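Given next are the chains, with one letter for each unit.
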Amino acid sequence: MKKNYFIFGYLLLLSLLFIMISFLLWLTGGKNSRLLGQKLRFGALIISLTAAASCSGPPGGEVTCYKQVPDNSFRVISSREDSGRYIIQGKKDSKITIHLYQRTGEDFSYSILDEERKIMQTGKLLPVDGKFDSSKEDFEIVLEKDLKEGYYKLQFFDLSKSNQDEEAPKAIFDLVVKSEPEIINSEIISPRRVHMCYKPTTRRTPDFYLSKEDNSIRELEFKKEEKKIINGEIKTAGVEYFSYRLEDSKNIVIQKGDIFPKDGKWDGEKEEYMIELPEKIKPGQYYIYFYELKEEYQDKDISHFLTYYSIKIKNLE
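In this text, all values refer to a predicted model and were calculated from it rather than measured experimentally. (Residues numbered from 1 in each chain as written. Predicted model: local features only at pLDDT ≥ 70, side-chain atom pairs only at ≥ 80, totals over all residues. Heavy atoms only, no water.)

Let's talk about the packing of aromatic side chains
Moving on, step 1. Here the structure, examined in full by the defined rule, presents 12 aromatic pairs.
Moving on, step 2. Ring centres of Phe-74 and Phe-108 lie 6.1 Å apart, and the angle between their planes is 75°; this geometry places the pair in the edge-to-face category. Taken together, the residues Phe-74 in strand S1 (residues 73-77) and Phe-108 in the loop between strand S4 (95-101) and strand S5 (109-113) connect sequence positions 34 residues apart. Neither residue differs from the other here; Phe-74 and Phe-108 are each classed as buried.
Moving on, step 3. Judged by centre distance (4.3 Å) and plane angle (15°), the ring pair of Phe-208 and Phe-290 falls under stacked. In this pair, Phe-208 sits in strand S10 (residues 207-209) while Phe-290 sits in strand S16 (residues 284-291), placing the two residues 82 residues apart along the sequence.
Moving on, step 4. Taking relative accessible area as the criterion, Phe-208 reaches 3% and is therefore assigned buried.
Moving on, step 5. For Phe-290, a relative accessible area of 0% corresponds to the buried category. (Phe/Tyr/Trp six-rings, centres within 6.5 Å; stacked < 30°, edge-to-face > 60°. Helix = DSSP H or I, 4+ residues; strand = E, 2+ residues; numbered from the N terminus. Buried < 20%, exposed > 50% of the residue type's maximum accessible area, 1.4 Å probe, protein only.)

Looking at the pattern of salt bridges
Moving on, step 1. In this structure the tally under the stated criterion is five salt bridges.
Moving on, step 2. Of the charged contacts in the structure, one is a salt bridge between Lys-212 and Glu-272, with a shortest N-O distance of 3.2 Å. In this pair, Lys-212 is assigned in the loop between S10 and strand S11 (219-223) and Glu-272 in strand S15 (residues 270-276), connecting sequence segments 60 residues apart.
Moving on, step 3. Residue Lys-212 is classed as partly exposed on the basis of its relative accessible area of 29%.
Moving on, step 4. Judged by its relative accessible area of 34%, Glu-272 falls in the partly exposed class.
Moving on, step 5. Glu-295 serves as the salt-bridge partner of Lys-256, at 3.4 Å between the closest nitrogen and oxygen. Within this pair, whereas Lys-256 is found in strand S14 (residues 253-259), its partner Glu-295 is found in the loop between S16 and strand S17 (305-314), the two being separated by 39 residues in sequence. (Salt bridge = Lys/Arg side-chain N within 4 Å of Asp/Glu carboxyl O.)

Let's talk about the side chain of Ser-243
Moving on, step 1. Mapping Ser-243 onto the fold places it in strand S13 (residues 242-248).
Moving on, step 2. For Ser-243, the contacting residues outside a window of four places in its chain are Gly-257, Asp-258, Ile-259, Tyr-289, Phe-290, Tyr-291, Leu-293, Lys-294, Glu-295 and Gln-298. (Contact = heavy atoms within 4.5 Å.)

Focus on the sheet that holds S4
Moving on, step 1. Here three strands make up an open sheet; going across it, the order is S1-S4-S7 and the pairing antiparallel. Each having just a single partner strand, S1 and strand S7 (137-142) make up the two edges of the open sheet. Neighbour-to-neighbour, the strand axes of this sheet turn through a mean angle of 30°, independent of strand direction.
Moving on, step 2. Here S1 pairs with S4 via five bridges, running antiparallel. In the sheet register, Phe-74 faces S4, and the bridge partner there is Leu-100. (Pairing = 2+ DSSP bridges. Axes fitted to C-alpha atoms, helices over the stretch in contact; angles between N-to-C directions.)

Side note on the confidence of the model for the protein
Moving on, step 1. Residues of the protein with pLDDT of at least 70 account for 68%, and the chain-wide mean is 75.
Moving on, step 2. This stretch, residues 57-67, has a pLDDT under 50; its non-local contacts, to residues over four places away or in other chains, come to eight contacts. (pLDDT = per-residue confidence, 0-100.)

Comments concerning the pairing of S14
Moving on, step 1. The sheet contact formed by S13 and S14 spans six bridges and is antiparallel. Residue pairing across strands places Ser-243 opposite Asp-258, the latter belonging to S14.
Moving on, step 2. In textbook terms, the turn of a hairpin is the stretch between consecutive antiparallel strands, and for S13 and S14 this stretch comprises four residues, one of which, Asn-251, has a positive phi near 65°.

Regarding the nonpolar core
Moving on, step 1. Counting 22 residues, the largest nonpolar core has Ile-230, Ile-259, Ile-275, Ile-288, Phe-290 and Ile-311 as its most contacted members.
Moving on, step 2. Counting only elements with at least two residues in this core, the list comes to S10, S11, strand S12 (229-235), S13, S15, S16 and S17.
Moving on, step 3. Residues in contact with Ile-311, not counting those within four places in the same chain, are Leu-220, Phe-222, Ile-230, Leu-246, Leu-277, Gly-284, Gln-285, Tyr-286 and Ile-288. (Core = buried A, V, L, I, M, F, W, Y, C linked by side-chain atoms within 4.5 Å.)

A look at unusual backbone geometry
Moving on, step 1. The residue Asn-72 is not glycine, and still its phi comes out positive at about 50°.
Moving on, step 2. With respect to the helices and strands, the residue Asn-72 is situated in the loop between helix H2 (33-54) and S1.
Moving on, step 3. The class of Asn-72 is buried, set by a relative accessible area of 5%.
Moving on, step 4. Phi at Gln-102 is positive, roughly 55°, even though this residue is not glycine.

Shown next, in the form of structure tokens:
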């Protein structure tokens, strides 16, 4: 209980300081970057302490709280990522998108190091919209054309580019730069299915099935010369935007598109769908991934990946 009194007292003090700094910032017309930085820091502290107080709970009672995001928390957004490893394949991935959460300043930078710790690219991070006006900001890094194949470290700092040596990086991600479509190492780059973590919070997760007749089927086999059509089913849809993505065993996209109900309308808890695979698809192992969003947003929001199934194309026997 004493701990709670201390937290509430500290919260009161921080709130008073926050109001005072906000007033001074207002007097300066919001142009004092130092006051703005202090305001953001006090705001972040108030949020953290409020979360700590809400997580204390009654003696012997059940505690429910959320995990607080640290100040200046960086996240790389990628459709080709595995445990923090961002995979670059050709020109299509030359631009890296970054989300910054709980921002507490305006000086941010990055550096890309090769395996010998040599800096290959560095620069200042500026918001995509051109201004720091939110606790969450989006940045973009355009990779230089002469960045060769290999393994790199992508480091983020809440410091200016010239001051990176003063403190350790705020976050570090692994980069794999590959100009050709072949996979580098199957033990290094795992299929997309490691991301099967999305669960809607207010309703049941939609269930995708490869066969409307037998929902237990998790793998389909087609002969090379036969017509390859998936007649599947979605249960407890609840929304009207679904898409799929067909990839080979090396994570190369073969086909993707939006999914629509066969009767043309979303009006039931069960909906039938049909997907026709490419006519000239080669024999081999494939994976089909289902998303709860439109096809155009798959690369931008991998968090809405729902499930996957295996598909094999066999030579005609």
